[in-house]
Amino acid sequence: MTTQSAVASNRQIEAILNELKSEAETTRRVLERVPAEKFNWKPHEKSMEMGRLASHVAEMFKWTPMILNSPELDFAKAEYKPFEPQSNQELIGFFEQCLAEAVESLKTASDEALGENWTLRNGETVYFTMPKSAVIRTMVLNHIFHHRGQLSVYLRLNDIPVPSIYGPSADEGNM
């Protein structure tokens with residue numbers, strides 16, 4: 001395969017990688033605002049605590065290599081222990097580690113791998129089977145956007161300035 005055809009064959013990977021990196025910058029700005037003294041705060045009894053929500057946003061980047069390197073996730077077989085940071089520095093360090101793993105896995109993946117099916121299940125119950133590219137876009141990226149939005153509301157409710165996300169916020173820039 002020539003260099004030119006290799007570049008052409010990985011356009012989908014490049015698009016996802018560029019989007020992931022761009023969204024990571026925005027996510028980092030939001031996570032940097034989460035103070036450790038508010039990790040236990042939550043707006044409602046059914047809501048996640050701020051620290052747990054922030055950790056969840058960070059860990060979702062790490063799902064990228066898991067999706068790329070396996071055919072499925074079976075909750076019945078998977079052990080899961082959420083990361084519990086004790087400081088904002090630990091949270092940011094965890095985020096940076098998860099991001100680095102995601103970036104590296106995408107750099108070594110191929111568009112062909114993105115076309116392979118991936119399944120989310122709990123034992124015999126199958127939640128979905130989709131191409132890995134769709135799983136990364138929905139379960140990773142869209143999921144990050146959703147919870148990052150929640151986290152920005154948590155910041156607002158605690159009078160913590162909300163950073164720019166897709167343009168100026170009321171706290172930054174000209175609104």
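Basis of the calculations
- For every chain, the first residue of the written sequence is number 1, and numbering continues from 1 along that sequence.
- With the structure being a predicted model, the display of local features is reserved for residues of pLDDT at least 70 and the display and counting of side-chain atom pairs for 80 or more, all residues being used for whole-chain, interface and lining totals.
- Hydrogen atoms and water are omitted, and side-chain values are computed over all heavy atoms in the structure.
- Here a helix means four or more residues in a row that DSSP labels H or I, a strand means two or more in a row labelled E, and each is numbered from the N terminus.
- For every residue, the predictor assigns a confidence score, pLDDT, that lies between 0 and 100.
- The criterion used for residue contact is that any of the two residues' heavy atoms lie within 4.5 Å.
- Whenever a carboxyl oxygen of Asp or Glu lies within 4 Å of a side-chain nitrogen of Lys or Arg, that contact is scored as a salt bridge.
- Here's how the labels work: a residue is buried when its accessible area is under 20% of the maximum for its type, exposed when over 50%, partly exposed in between, all with a 1.4 Å probe on protein chains only.

S.K.: Hey, could you run me through the environment of Ala 113 in this one?
M.R.: Along the chain, the position of Ala 113 falls in helix α6 (residues 111-115). Residues Ala 113 and Asn 69 lie 44 residues apart in sequence; the distance between their C-alpha atoms is 8.9 Å.

S.K.: So what exactly am I meant to see when it comes to the confidence of the model for the chain here?
M.R.: A residue-level look at the chain finds 93% of positions with pLDDT of 70 or above and a mean pLDDT of 93. Note on residues 1-8: pLDDT is under 50 here. Beyond four places in sequence and across chains, it has two contacts.

S.K.: Please clarify how the pattern of salt bridges should be interpreted in this entry.
M.R.: When charged atoms on two side chains of opposite charge get close, those side chains can pair. If you walk through the whole model with that rule in mind, you get nine salt bridges. Across the pair Glu 25 and Arg 28 runs a salt bridge, and its minimum N-O distance is 2.8 Å. Of this pair, Glu 25 and Arg 28 both sit in helix α2 (residues 11-31), three residues apart, which is roughly one turn of the helix. A residue is classified by how much of its surface remains accessible, and Arg 28, at 15% relative accessible area, is buried. Close ionic contact of Arg 156 with Asp 171 constitutes a salt bridge, the shortest N to O distance being 2.8 Å. Of the two residues, Arg 156 is situated in helix α7 (residues 132-157) and Asp 171 in the segment after α7; the sequence distance between them amounts to 15 residues. The partly exposed category is assigned to Arg 156, whose relative accessible area is 36%. The exposure class of Asp 171 is partly exposed, given its relative accessible area of 36%. Several salt bridges share partner residues, and in doing so they unite Glu 25, Arg 28 and Glu 96 into one network.

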